[in-house]
Amino acid sequence: MASSPNDSPMSPTQAAILSKVQPAELVEQPLVTNDRDFNWVTNKICRIVETKTPTWWWVCMAVALLTASFTGMGLAYLVSTGVGVWGLANPINWGWAIVNFVFWIGIGHAGTLISAVLCLLKQGWRTSINRAAEAMTIFAVICAGIFPLFHVGRIWFAWWLFPLPNANAIWPQFRSPLEWDVFAVSTYGTVSVLFWYMGMIPDLGVLRDRAVQRLKSGIHEGAGWLTKGMDVFRKYFYGIFAMGWRNAGNHWRNYEMAYLVLAGLSTPLVLSVHTIVSFDFAVAQLPGWHTTIFPPYFVAGAIFSGFGMVLTLMLPLRAVYGLHDLITQRHIDNMCKICLGTGSIVGYAYIMEFFIAWYGANPYESFAFINRGFGQYSWAYYMMFGCNVFTPQLFWFSAVRRNAALVWVMSIFINVGMWFERFVITVTSLANDFLPSSWGYYSPTIVDIFTFFGTFGVFSVLFLMFVRFLPLMPIGEVKYVMPQGDPHGPSDHVKGGHH
Amino acid sequence: MSKTHAIIASFPDTPSLYHAAEKVRDAGYKKWDTYSSFPVHGMPAAQGQPRSKVPIFTFCGGLTGFSIGLSIVWFMNFFDYPLIVGGKPFFSPVFPFPIMYELTILLSAFGTLGGMFITNLLPQHYNPFFESDTFLEVAGDRLLIAIEARDSKFDAQNTRQFLESIGGTDIEEITA
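Criteria and cut-off values
Residues numbered from 1 in each chain as written. Chains lettered and ligands numbered in written order. Predicted model: local features only at pLDDT ≥ 70, side-chain atom pairs only at ≥ 80, totals over all residues. Heavy atoms only, no water. Helix = DSSP H or I, 4+ residues; strand = E, 2+ residues; numbered from the N terminus. Expected span 1.5 Å × (residues − 1). Buried < 20%, exposed > 50% of the residue type's maximum accessible area, 1.4 Å probe, protein only. Pairing = 2+ DSSP bridges. Axes fitted to C-alpha atoms, helices over the stretch in contact; angles between N-to-C directions. Parallel < 35°, antiparallel > 145°, perpendicular 65-115°, else oblique. Left-handed = near helix turned anticlockwise from the far one by under 90°. Contact = heavy atoms within 4.5 Å. Nonpolar A, V, L, I, M, F, W, Y, C, P; charged D, E, K, R; others polar. Domains from an automatic or database assignment. Core = buried A, V, L, I, M, F, W, Y, C linked by side-chain atoms within 4.5 Å. Phe/Tyr/Trp six-rings, centres within 6.5 Å; stacked < 30°, edge-to-face > 60°. Lys NZ or Arg CZ within 6 Å of the ring centre and 35° of its normal. Buried area = accessible area lost by both parts, 1.4 Å probe. Salt bridge = Lys/Arg side-chain N within 4 Å of Asp/Glu carboxyl O.

Right, let's get into unusual backbone geometry. Here Asn90(A) and Pro91(A) are connected by a cis peptide whose omega angle stands at 0°. Locating Pro91(A) in the fold gives a position in the loop between helix H3 (55-81) and helix H4 (96-120). Cis geometry marks the peptide bond from Leu122(B) to Pro123(B); its omega dihedral reads -5°. Looking at where Pro123(B) falls in the secondary structure, it is placed in the loop between helix H4 (97-119) and helix H5 (133-136). Even without a glycine there, the phi angle at Leu121(B) is positive, about 55°. For Leu121(B), the location among the structural elements is in the loop between H4 and H5.

Counted at 1.5 Å a residue, the expected span for helix H14 (residues 404-431) of chain A with its 28 residues is 40 Å, and the 40 Å between its end C-alpha atoms agrees. Of all 28 residues in H14(A), 20 are buried; the element is thus mostly enclosed.

So, about the pairing of strand E3 (residues 143-148) of chain B. Residues and elements named next belong to chain B. The element E3 is extensively covered by neighbouring structure, given that 6 of its 6 residues are classed as buried. With burial as the criterion, each face of E3 is covered, one bearing Leu-143, Ile-145 and Ile-147 and the other bearing Leu-144, Ala-146 and Glu-148. For strand E1 (residues 4-11) and E3, the ladder comprises 6 bridges, and the chain directions are antiparallel. Each residue of the ladder has a partner; that of Ser-10, found in E3, is Leu-144. Summarising the sheet, strand E2 (residues 32-35) and E3 pair through 4 bridges and their orientation is antiparallel. The residue of E3 that forms the bridge with Tyr-35 is Leu-144.

Turning next to the packing of H4(A) against H14(A). All names here are of chain A. One can describe the packing of H4 onto H14 by two numbers: an axis separation of 9 Å at closest approach and a directional angle of 140°. It follows from the interaxial angle that H4 and H14 lie oblique. As for how H4 packs across H14, the hand of that crossing is right-handed. Judged by residue contacts, Trp-96, Ile-98, Val-99, Asn-100, Val-102, Phe-103, Gly-106 and Ile-107 of H4 engage Asn-415, Met-418, Trp-419, Arg-422, Phe-423 and Thr-426 from H14. Residue composition of the contact of H4 with H14, by class: 9 nonpolar, 4 polar and 1 charged.

Taken domain by domain, chain B holds domain 1 (4-52 + 127-175) and domain 2 (54-119). A C-alpha centroid distance of 44 Å is found between domain 1 of chain B and domain 2 of chain B.

Trp104(A), Phe307(A), Phe463(A), Phe466(A) and Ile145(B) are the most contacted members of the largest nonpolar core, which has 193 residues in total. A total of 17 residues in this core trace back to one element, the largest contributor, which is H4(A). Split by domain, this core shows at least three residues from each of two domains, domain 1 (4-52 + 127-175) and domain 2 (54-119) of chain B. Setting aside its immediate chain neighbours within four residues, Phe307(A) contacts Ala110(A), Leu113(A), Ile114(A), Trp125(A), Met335(A), Ile338(A) and Cys339(A). Core analysis: the second largest hydrophobic core is formed by 11 residues, Ala248(A), Phe130(B), Phe135(B) and Leu144(B) among them.

Before going further, it helps to spend a moment on the sheet that holds E1(B). All names here are of chain B. With respect to topology, 4 strands assemble into an open sheet ordered E2-E3-E1-E4, the strand pairing being antiparallel. Of all strands in the sheet, those bounded by a partner on one side alone are E2 and strand E4 (169-175). The average angle at which neighbouring strand axes cross in this sheet is 20°, direction not considered. In this sheet, E4 lies alongside E1 in antiparallel orientation, the contact comprising 5 bridges. Across the sheet, Ser-10 pairs through a bridge with Thr-169, a residue of E4. Helix H1 (residues 14-26) rests against E1, E2 and E3 of the sheet, and its axis sits at about 15° to E3.

Take the packing of aromatic side chains next. Counted according to the given criterion, the structure contains 72 aromatic pairs over all chains. Ring geometry for Phe103(A) and Trp104(A): centres 5.5 Å apart, planes at 70°, overall edge-to-face. There is no split in this pair, since Phe103(A) and Trp104(A) are both buried. With centroids separated by 5.6 Å and ring planes inclined at 80°, the aromatic side chains of Phe294(A) and Tyr297(A) adopt a geometry described as edge-to-face. Of this pair, Phe294(A) and Tyr297(A) both sit in helix H9 (residues 294-321), 3 residues apart, which is roughly one turn of that helix. On the accessibility criterion, Phe294(A) (0% relative accessible area) is buried. A residue is classified by how much of its surface remains accessible, and Tyr297(A), at 2% relative accessible area, is buried. Seen from the ring of Phe95(B), Arg175(A) lies directly overhead, with NZ or CZ sitting 4.2 Å from the centre. Stacked on the ring of Tyr29(B), the Lys or Arg Lys153(B) has its end atom at 5.1 Å from the ring centre.

Each side of the interface is counted separately: chain A has 63 residues, and chain B has 70 residues. Summed over both partners, the interface of chain A with chain B comes to about 6000 Å²; 68% of that surface belongs to carbon and sulfur atoms. For the pair chain A and chain B, the interface holds 1 salt bridge. Those elements that provide at least two residues to the side of chain A that touches chain B are helix H2 (38-50), helix H6 (177-217), helix H7 (225-242), helix H8 (249-282) and helix H16 (475-480) of chain A. The residue makeup of the side of chain A that touches chain B, split by class, is 33 nonpolar, 20 polar and 10 charged.

This is the structure:
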């Protein structure tokens, strides 16, 4: 146990300087505000799934289902007719499908960053947002997966992507980044589900025990059969998935080790996924794609867009469920600062691409970039640059970070900007390649548009189901960072002493 | 016909649970545990528990994944159906590295989750503890220590007195 900084011995010079400067005490903002106790936290999080379904939920669900049906219709039309219903035409044979895939998979990255990287960095503020962010990851991967799956056209052959024996006796070609992508994305989806599920086991146990408590206490006497029936359902539904979790010290010991190991595994995984996605482009020898900056630039962009989406989702949830004591201003500040940091990296990458295009003295490469800025797609380029480079710079100002409505609007800008980034990368390089005689202009069809906008519905349906039926925050982890959860007493925490 | 399964005692706050656990450990009990709805920092040491064995399962999973990744690429693109791509060698450990990397992580993750279940002896959907109303309150804010009857030092009278002496309240017998 390290002693707090105040106890460490100081040299006379240090002491003299400190007495002159009189530094202000660094006050650590609490992660759970208003002195809440354990029961308040348990109730706050459990009541979200235990009380009657709110009306807004039904309204949102109806809208989400309606929107999702657009994806259903778009895909049904595609499968029954052929990929020609999309706007793909020579020379642009990679259009919205890949753009949407990269967009959604990028969104997922913030969830893993919060649950894994911030866990390894011992960032206590991750606790209240990590569950929802991980859910976002999984649902975003599902939305992403739709596009590569269906862009093959004959979806019933999609299983050929996997190394399974087939009637042609041909195996996948493992030198292709697209095949690496199959492994990266399916591993990413699977590991995210495992991590999410394991983190949820103790909370499912809590929900199970509360349902059993209510059933035993007989508070259902006189209440409708539905109220009791729901608790019986909860007892078994949460009970089965809680696997008999008993909150024992021994359970926690192995759980915490497993959690740490999964965080350690997910960290290189999340970095590898968008790196491999960027290889889809960077390994091709096309001007504008064939650059070594792609892997780090894609990973930073993914985290940037993902945090944008976390803000888009968490700010309304915080307002609707009154979670201000759990998702505090400190949480929002930190998320905004990560947007600022990663947004600046993305901006740096945009500028560096231009510099290298000039410095590399390759006429095709120079053309590709001049064409991005001043060619037929320059409107998309400025959309991207404006949203991704200028928007996050406002997060330097605490007044901006404190204005939840403004932060929410800016998070939408980030989402839009990052979609355009993928559009610019994919389409501009393909539309104007080496031979001017084969240049073209890409426009999406109505089917493209329906299918993509519908995925927001698919995502929302899944997220609404999550909010309604599963614990929104890891209860145990939130209690762990509260002063009352400290085995050495609350006083230690207030000073910010860490051990 | 019911038989004592364990004796449980409640503690008012996290520090008192932590210090009581140290005393149970020092008294030489082996089959006992603390119960709290959140992990307590440093509790494994206070309970005298060794380091978790979960990483062994992770390692086995990872090794399996790496070997599978290496061997499927060798088998598929070199042995079973040599694939000519740009006149390059049929096999090298470099180009399939992403495959090996991803499968290592995938099976390590399965190993880790499986290891957590195995080391915790889960799933175990029934346990005598679930019958106790006091035990169910752990889900809220109750903090417990339970000493099980199968411990060689267990004695219904002495153990109860011992738990009282270290500050335990609401002492209760769990029957099975």
